[in-house]
Amino acid sequence: MSGTDGLELPVADDALPFDPDAVTIEDRDVFDLLEPAVQEWWLEEFGEFVPENEGFFTPPQQGAIPKIHEGTNTLVCAPTGSGKTLSSFCAIIDELYKRDRDTDDGLENSVYCLYVSPLKSLANDIHRNLEVPLEGIESVVDERDDEAEMGEIRHAIRHGDTSSSDRQKMLEETPHILNTTPETLAILLNSPKFREKLRTVEYVIVDEIHSLAAGKRGTHLSVSLERLEAMVDHEITRIGCSATIEPLEGVAEFLVGRDEPGGDSRPYEIVDARFAREFDIELECPTDDLIHTSREVVQERFYRMLHEHIQDHTNTLVFTNTRSGAERVLHNLREGFDAYDEENSGCHHGSLSKDVRHDVEKRLKEGSLDVVTSSTSLELGIDMPHVDLVVQVGSPKSVASLLQRVGRAGHRVGQTVTGRVIALDRDELLECAVMLKKAEDGFVDSVSIPENAQDVAAQHVYGMAIAEIRPESEVVGTLRRAYPYRNYSDEEWESLARYLTADYAGLEDKNVYAKIWRDENDPPEGEHHREEYPVGQPLIGKRGRLARVIYMTNIGTIPDSFTCDVKTRAGDEWVGQLDENYLDTLEKGDVFVLGGDHFEYRYRRGSKVYVDRTSARPTVPSWYSERLPLSYDLGREILAFQGELLERYGAGGPPRVRAWLREFPLDDDSVRAIARLFEHQLRYAGNESVSATDRLAIEVVRDREEYERHYYVHSSYGRKFNDGFSRLLAYRCAQEATANVRVAVADNGFVLSMPLNRKVDVEGILEDLEADDVREDLRNALSGTDLLQRYFRINATRSLMILKRYKGYEKSASEQQVSSEMLLGFAEDLEEFAVIEETYREILEDKLNVAEIEQIVGDIAAGDIEIERTLLDSPTPRAFGLATLSASDVVLAEDESAALQAFHEHVLEEIGEESLRGLSTD
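Residues numbered from 1 in each chain as written. Predicted model: local features only at pLDDT ≥ 70, side-chain atom pairs only at ≥ 80, totals over all residues. Heavy atoms only, no water.

A.B. asks: Now, about the overall build of the protein chain: what can you tell me, with residues and values included?
C.D. replies: When helices and strands are counted, the protein chain shows 31 helices and 28 strands. Taken over C-alpha atoms, the radius of gyration comes to 30 Å for the protein chain, in line with the 29 Å a tight globule of 922 residues would show. In the protein chain, buried positions account for 60% of the 922 residues. In the protein chain, the share of contacts with a sequence separation of at least 24, taken over all contacts with a separation of at least 6, comes to 73%. As displayed, the protein chain has an accessible area near 36,200 Å², and 42% of this comes from carbon and sulfur atoms. On the protein chain, the mean spot of the 100 positive side-chain charges and the mean spot of the 178 negative ones are 6 Å from each other. (Helix = DSSP H or I, 4+ residues; strand = E, 2+ residues; numbered from the N terminus. Rg over C-alpha atoms; globule rule 2.2 N^0.38 Å. Buried < 20%, exposed > 50% of the residue type's maximum accessible area, 1.4 Å probe, protein only. Contact = heavy atoms within 4.5 Å. Areas by Shrake-Rupley, 256 points an atom, 1.4 Å probe, with all protein chains shown as cover. Lys, Arg positive; Asp, Glu negative; His and termini not counted. Charge placed at Lys NZ, Arg CZ, Asp CG, Glu CD.)

What follows is the structure in structure tokens.
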């Protein structure tokens, strides 16, 4: 196709920013689908000719608009800022405008399009962006003589903060496009009046679907969409908008569900424009020697690098891995440079007030902030068109997260997305090097979608029973049409139904009452006989007069959390507070730092944690609960990288390794630092000390000062995997050694520590493990832990076993915890109790990667992964991070540096001083 190929543009040629006779317009067919008034608005507001696209539309728009126009279920996957959400709205607005014009009475007073997003701020942003096209098209229609007058296409936001008066207005004058959240949609489906307004829904847009699919909010939404589908008498077109994600087919099936339980997925199309933008991403390091360079020098160089990057760009967004890190970076920038003050710099994270966050968001959109620091809160949401650089401090832990964050820069296809990753320790340096290379190669980590979650099912079954009496088969069928429940078994359903009908002796004595009834529609003398259903057909209905109020005020999947008061057992002295997420990692005997002092964890009661003062070394760092875990897929890629590096080292030593690393997007300091790390590692402990895809390396170090033996297990599969794997091994080791086993976990491995006079054959234990025993052993290892207590509370609350709100009283998270501790022992004794089973399922599958552990254990048993054990007097360089894991708190910075240097000096002494020569040059 040359030139415009007959395309008649709705505006004068001389008003266009290009010569229509001299360019190729590849998306003419897409443009032709739109109404003339929509075409003109598009050109004026959003659709200027973009030479890089050879047309008016970005790649995701070019792919998605025709499919949505045809009513095809579509997953649109593209980087941030490439116009994927606008593509959905464009096709839908075009259709609504056409229908409004072509029907005598215009659009009905009901909802045609649902836009569901995970964030209220995102809904607000999209809402504002909807006003532009709708008002723009109306203005175009008014100015054109050949168009009929355009009726109003209404849009509104409905979420938890919407006032009762606004909700009432929506009943009287219903929005045609309704922006909402997953939780509010579930409430609307049970609102007697408003649910009738949803029977006309023809389109559902699920935005940022990648952030929903991996959690229970997405599971909740998937069932809501099936309930909505069952209400309408036509097919709903589902559109998913996602940043970079994998597997696309799995996420698409999650979006569309199934027509019939046990059947195939509904048809869908995928618009894969994940790599539609050019990325300029590089890894930087402040020095090529992160051991001997003092912490002060590393910090000074880091802030100098960051300052220069900010000064070279218009607006810079800096991501850190913790909220405290975001605060610290901003503080140090303001302290160290005159260029930054409250007017041109800001911080954004979830712990800040809503007003502060909104102010920063507003100024980001305006472009008035030179730099903003954040943890994860700005990964999704608002459009920030002036950001032209993203700096990531440390590892973002997955390729998908890296691309999502860096994609916040350069908000237009054709603009190069510029990102810099700065690593400040050697483990993260290696991790980031692999991550950036894999991103360059088009690799994306896969998302794991929870399956058969009983707590979410409990809410929806209750909701369906409240809405109307219906056949049991219809309720189960609705669940099974949702992708997360496609394999939901009869046994799982019976377990859930027994809980919901309180079919357990003693359950009602614990104030846990039946929420539904089940009845086989007996002959007329039966209590629940329904003439509209045949005799013998099992039916379900609600129990309790307050059922609707309980449902409306208690549903949702986001758990409440709280801080725990920390007290000493001796003297009951208050010493500080801990976020309860942190308690997930603590076992009896673990040592942590609080207020500069060391404490040994003993036990928890409700919202109080009891400890003993100690001088022992910490086992769990304070940042543990804040940082995102390394993805399992990326962990495997790191192991493959290490295997390839060993081959190159064997073929040509450090020069060959450095030459290979220069093919990666790394600066020279990073290349030399990684090469030096492995040179020292291999000369000190040999090839077998490095884990690869076919080898699991374990090093055993005797610490005579602490009178402990440490087993450093180099399982670089990420923190979720290592958390589960370490619990499994610690459980077996404790059985064999009859001693307490302390565990410290990181992304690149874990440490098992026990007294020197207790020796176990970790290698033998690993080789004797069987994949079929992993779940049972892990389940036994979890029994009695705080982790189990906490997740039981969360699941009991989600399952409506514990009510957060009842008769005007709101039960705090700490009160919920007390209630759950009173119920846990009783519930564990009940046979196949749904809430207990879901608690174990969530911990094992969603938190501890049990399926991946089973795979690795199976590979070890089959001989596909060899165990290599190395006995040493001091940790290897690859174990330095594990050895100083808990010394990484700020108060222990000097201790950590001293320990690292002591380990390093021991390595150099063993391999000889000549190893220092020739490492920095080819």
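A.B. asks: Any chance you could break down the sheet that holds strand S16 (residues 539-542) for me, citing the residues and the numbers?
C.D. replies: The 3 strands are arranged S14-S16-S15 in an open sheet whose pairing can be described as antiparallel. Edge positions in the sheet fall to strand S14 (470-471) and strand S15 (516-519), since each of these pairs with one other strand and no more. Bridge analysis of S14 against S16 gives 2 bridges, and the strand direction is antiparallel. Paired with arginine 470 across the strands is isoleucine 540, a residue of S16. (Pairing = 2+ DSSP bridges.)

A.B. asks: So, the sheet that holds strand S4 (residues 177-180): which residues are in play, and what are the values?
C.D. replies: Pairing is parallel in the open sheet, where 7 strands are placed in the order S3-S4-S2-S5-S6-S1-S7. Pairing within the sheet leaves two strands with one partner each, and these edge strands are strand S3 (155-158) and strand S7 (269-272). Strand-to-strand twist across the sheet, computed as the mean angle between neighbouring axes with direction ignored, equals 15 degrees. Note: strand S5 (residues 203-206) against strand S6 (residues 237-242), 4 bridges, orientation parallel. Bridge pairing links valine 206 to glycine 240 in S6. Relative to the sheet, helix H4 (residues 84-102) contacts strand S1 (74-77), strand S2 (113-116), S4, S5 and S6, its axis offset from that of S6 by approximately 155 degrees. (Axes fitted to C-alpha atoms, helices over the stretch in contact; angles between N-to-C directions.)

A.B. asks: Hey, could you go over unusual backbone geometry for me, with residue numbers and the actual values?
C.D. replies: Put simply, glutamate 246 and proline 247 share a cis peptide bond, and its omega is 0 degrees. Following the sequence through the fold, proline 247 ends up in the loop between S6 and helix H11 (248-256). Positive phi values are uncommon outside glycine, yet asparagine 849 reaches one of about 50 degrees. Mapped onto the elements, asparagine 849 comes out in the loop between helix H28 (834-847) and helix H29 (850-862). Its relative accessible area of 11% is what places asparagine 849 among the buried residues.

A.B. asks: Outline the environment of leucine 778, listing residues and values.
C.D. replies: The residue leucine 778 is located in helix H25 (residues 774-782) in this model. Placed 29 residues apart in sequence, leucine 778 and lysine 807 show a C-alpha to C-alpha distance of 40 Å. The residues touching leucine 778, leaving out its near neighbours within four places in the chain, are Gly724, Arg727, Leu728, Leu844, Leu848, Val850 and Ile853.

A.B. asks: For the packing of aromatic side chains, give the residues involved together with the corresponding values.
C.D. replies: On inspection of all chains with the given rule, the structure shows 20 aromatic pairs. For the ring pair phenylalanine 592 and phenylalanine 599, a centre distance of 6.3 Å and an interplane angle of 40 degrees mean the geometry is tilted. The exposure class assigned to phenylalanine 592 is buried, which follows from its relative accessible area of 0%. Between the NZ or CZ atom of lysine 437 and the centre of the ring of phenylalanine 664, over which it lies, the distance is 5.7 Å. The ring of tyrosine 504 has arginine 498 sitting right over it, with the charged end atom 4.1 Å from the ring centre. (Phe/Tyr/Trp six-rings, centres within 6.5 Å; stacked < 30°, edge-to-face > 60°. Lys NZ or Arg CZ within 6 Å of the ring centre and 35° of its normal.)

A.B. asks: Can you explain the packing of H25 against H29? Please cite residues and give values.
C.D. replies: As a packed pair, H25 and H29 sit with axes 10 Å apart at the nearest point and diverge in direction by 125 degrees. Here H29 runs oblique to H25, going by the angle between their axes. The hand of the H25/H29 crossing is right-handed. Contacts between H25 and H29 involve Val774, Arg775 and Leu778 on the former and, on the latter, Val850, Ile853, Glu854 and Val857. In the contact of H25 with H29, the residues fall into 5 nonpolar, no polar and 2 charged. (Parallel < 35°, antiparallel > 145°, perpendicular 65-115°, else oblique. Left-handed = near helix turned anticlockwise from the far one by under 90°. Nonpolar A, V, L, I, M, F, W, Y, C, P; charged D, E, K, R; others polar.)

A.B. asks: Can you tell me about helix H17 (residues 454-467), naming the residues and giving the values?
C.D. replies: Taking 1.5 Å as the rise per residue, H17 with 14 residues should run 20 Å; its terminal C-alpha atoms sit 20 Å apart, in good agreement. Among the 14 residues of H17, 13 are classified as buried, and the element is accordingly described as predominantly covered. (Expected span 1.5 Å × (residues − 1).)

A.B. asks: Requested: an account of H25, with residues and values cited.
C.D. replies: Listed in full, the buried residues belonging to H25 are Val774, Asp777, Leu778, Ala781 and Leu782. Buried residues in H25, looked at end-on, bunch into an arc of 140 degrees, giving them a common side. Looking at the packing, one finds that the buried side of H25 touches helix H23 (719-737), helix H26 (786-798), H28 and H29. (Arc of directions from axis to C-beta.)

A.B. asks: Any details on the nonpolar core? Residues and values, ideally.
C.D. replies: The biggest cluster of nonpolar side chains holds 91 residues, and the ones touching the most others in it are Leu496, Tyr499, Phe725, Leu766, Met801 and Phe833. Considering every element that reaches this core, the biggest residue donor is H17, with 8 residues. Sequence-distant contacts of methionine 801, defined by excluding residues within four places in its chain, comprise Tyr499, Leu507, Val512, Phe792, Ala796, Leu823, Ala827, Phe833 and Val835. Core analysis: the next-biggest nonpolar cluster, separate from the first, contains 52 residues, Leu317, Ala423, Ala675 and Val690 among them. (Core = buried A, V, L, I, M, F, W, Y, C linked by side-chain atoms within 4.5 Å.)

A.B. asks: So what about a nonpolar patch on the surface? Which residues, and what values?
C.D. replies: A surface patch of nonpolar side chains, amounting to about 260 Å² of accessible area, comprises Leu546, Val549 and Tyr806. For valine 549, the position within the fold is in helix H20 (residues 547-554). (Patch = residues over 30% accessible without salt bridge, like charges linked within 9 Å, V, L, I, M, F, W, Y side chains within 5 Å. Salt bridge = Lys/Arg side-chain N within 4 Å of Asp/Glu carboxyl O.)

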